[in-house]
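If you want the building blocks of each chain, they are given just below.
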Protein chains: 2
Amino acid sequence: MSSIRAVASAAGVSASTVSRALNNPELVNAETRRRVLECADRLGYRPNRAARSLVLGRTTNVGLIVPDIANPVFALFIKGVEAYFRDTEYAVFLADTDEDAATEVRLAEAMVERADGLILCAPRMSGMRVRSIAAKTTLVLANRLSRTVPSIAMDFGPGIDQAIGHVHALGHRRCAFLAGPRDSWSNRQRRRFLAAGCAERGIELVELGPYEPRFGGGYRAADEALAADVTAVFAYNDLVALGVLARLRDRDVPVPGRMSIVGFDDVPTASMVAPPLTTVAVPIPAVARAASAMLLAKLREARPQGAAEPPPPRPPAPELATRLLIRSTTGPT
Amino acid sequence: MSSIRAVASAAGVSASTVSRALNNPELVNAETRRRVLECADRLGYRPNRAARSLVLGRTTNVGLIVPDIANPVFALFIKGVEAYFRDTEYAVFLADTDEDAATEVRLAEAMVERADGLILCAPRMSGMRVRSIAAKTTLVLANRLSRTVPSIAMDFGPGIDQAIGHVHALGHRRCAFLAGPRDSWSNRQRRRFLAAGCAERGIELVELGPYEPRFGGGYRAADEALAADVTAVFAYNDLVALGVLARLRDRDVPVPGRMSIVGFDDVPTASMVAPPLTTVAVPIPAVARAASAMLLAKLREARPQGAAEPPPPRPPAPELATRLLIRSTTGPT
DNA sequence: ATGAAAGCGCTAACAT
DNA sequence: ATGTTAGCGCTTTCAT
């Protein structure tokens, strides 16, 4: 592994000149620079990242923590973040917390040491914990809003409004919300918007659950929804909706004849099943881009140390709006 | 950020003693050590990784490259690798190549700089490229076998044998293989085993495709399979099988009445659709574990530099066997 | 425009 | 058992 000195002596200059030729081309004579670059290339020189990090005090890495890679929503989110940083000097560290709160914290701590900034998708982490991490690194929260920490989340309003309007128009007056994890930010959001919207339209909303936010959770939820005598359900997410659909099919309950189903997320599977799932699509790639851009901006803004951080602007972002996708699991009462 | 020297002076010892207390506890007096640890803890001391990497010449990171995170098979693989390294000193860097060969190479190069070793899932990369990467870092290939580079792949034999036996028993004598990407290692494997097995049992096998290894590819494949007048298809993977299933349903072709379908992979969706998919399940977690273990072993074996690498033992690994999952998309002719 | 020298935070001989 | 010293590869003053 050839070092900067090898290149320097090959080019007949000092190490500093090589460094400059590489990092501040304008500070070095064009011809010298050409020679240096040529030698570096010939020797296959790759700057040692550790040495560079040591002196610069930054790693040029960013961390990304998500609850569950196998969840298509997060998979898409990761892809978005990776794609965004692919064209920058940063590489991304990924960690999967297995939906476990303790792991979330452990991994976040581990990331802090290895990256200059962190995108955190940790729906269950306490606000206090989040702030403590924010104190140690440049942090951006995704899928969760905070007043103290820069954060990006989608706007549930439009999609849920549309869903309620749709279900109402089909004549449903008694519906259920199949809740996900009690303490998750997005469960609370979904519930809140749903409750408000239903109240407004005079739809009676009963809450069932919480259910595991997976296929199995929905499978169980289906029977309880039937027993609760509702004509439509809003599932916490598509996985749950898919479970409901499967269970109703197994019980020979017609969908949407006897029960309408609205999912959340628009995972790929939602459109592969029969009948394809009506669902509230979430703008994951947009969230990923926005969170990445926010982190990159914070990383790049050379804030003189100690200078106060400007409050992150939170413009209304239309690209972060959810929207209803009407497919075939919803029908008239 | 407090340095090792801050801890040293707080504990009234030298930096080396702190270093030793942390890294080689047995070399330091128990009482001294206690004091050092106490001070380190009190000061919130975190060793600077860059400095450590610089002197040690290792990063304590490993890289992981996969073609597509959104593919459930790889998602599971990633999870497996992450889980494995979670209990070690290593953190894992993830990169998604978007199924693109050029990106594969670029990312692999980027990883080499940041990690001590690499698990590469690059079905399309040329053998030459692979070897060139292997020359630069500790490399383990996953889902692909190589004679020169340590590699782990599942054993397609058992699952495919069972699938062919199953289809044969149901009376099918003319089947199709719905091929995936021509140049992918696993497509070649699947095809080869299928061809051999069918020949052995006197089943006529026609090859269709290649198709895009996604739902859409299968959607297209369905019509061609019907036209090819086969009674059963082996899809390249479950996504393709799911597409076939959906298309046949749209065309009111009974499954398995008129057409039997066998998938590959056993992705979660396979069991969520109706009828649930008969498929050859692949032991992804086992592959992930095996690849991770192999990499960790290579990383840990302190090979005196220049010493020849021992040929990696490749024991028959029963846990790497695929196996048929009979569900409901296969039936008698 | 370039070089010499110092130092980032840590570990590992080498002394004692 | 502990301290002293040198040095990992790089960037960045400070001279020239």
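Computed from a prediction, not measured in an experiment: that's the story for all the values here. (Residues numbered from 1 in each chain as written. Chains lettered and ligands numbered in written order. Predicted model: local features only at pLDDT ≥ 70, side-chain atom pairs only at ≥ 80, totals over all residues. Heavy atoms only, no water.)

Q: Can you break down the interface of chain A and chain B residue by residue, with the values?
A: Contacts between the two partners involve 39 residues from chain A and, on the opposite side, 39 residues from chain B. Summed over the shared surface of chain A and chain B, the result is 12 salt bridges. Among the ionic pairs, Lys79(A) bridges to Asp96(B), the shortest N-O distance being 3.1 Å. Taken together, the links from chain A to chain B amount to 23 residue pairs in polar contact (both at pLDDT 80 or more). (Contact = heavy atoms within 4.5 Å. Salt bridge = Lys/Arg side-chain N within 4 Å of Asp/Glu carboxyl O. Polar contact = N/O pair within 3.5 Å; in protein donor to acceptor, adjacent residues only side chain to side chain.)

Q: Which residues make up the protein's contact with DNA strand C, and what values go with them?
A: Taken together, 26 residues are adjacent to DNA strand C, and Thr17(A), Arg20(A), Thr32(A), Ile4(B) and Tyr45(B) come closest. Backbone atoms, meaning sugar and phosphate, make up 63% of the atoms of DNA strand C lying within 4 Å of the protein. The side chain of Thr17(A) places a nitrogen or oxygen atom 2.6 Å from a phosphate oxygen of DNA strand C. Separating a base nitrogen of DNA strand C from a side-chain N or O atom of Arg20(A) is a distance of 2.8 Å. At the level of secondary structure, the elements contributing two or more residues to the surface near DNA strand C comprise α2 (15-23) and α4 (49-56) of chain A together with α1 (4-11), α2 (15-23) and α4 (49-56) of chain B. A breakdown of the residues in the surface near DNA strand C according to their chemical character gives 11 nonpolar, 11 polar and four charged. (Near = heavy atom within 4 Å. Helix = DSSP H or I, 4+ residues; strand = E, 2+ residues; numbered from the N terminus. Nonpolar A, V, L, I, M, F, W, Y, C, P; charged D, E, K, R; others polar.)

Q: Provide a residue-level description of unusual backbone geometry, including the pertinent values.
A: All names here are of chain A. In this structure, Pro 210 follows Gly 209 across a cis peptide bond, with omega equal to 5 degrees. Mapped onto the elements, Pro 210 comes out in the loop between β7 (204-208) and α10 (215-227). The backbone of Asp 252 shows a phi angle near 60 degrees, a positive value even though the residue is not glycine. With respect to the element layout, Asp 252 can be found in the loop between α11 (238-250) and β9 (260-265). Since its relative accessible area comes to 67%, Asp 252 is described here as exposed. (Buried < 20%, exposed > 50% of the residue type's maximum accessible area, 1.4 Å probe, protein only.)

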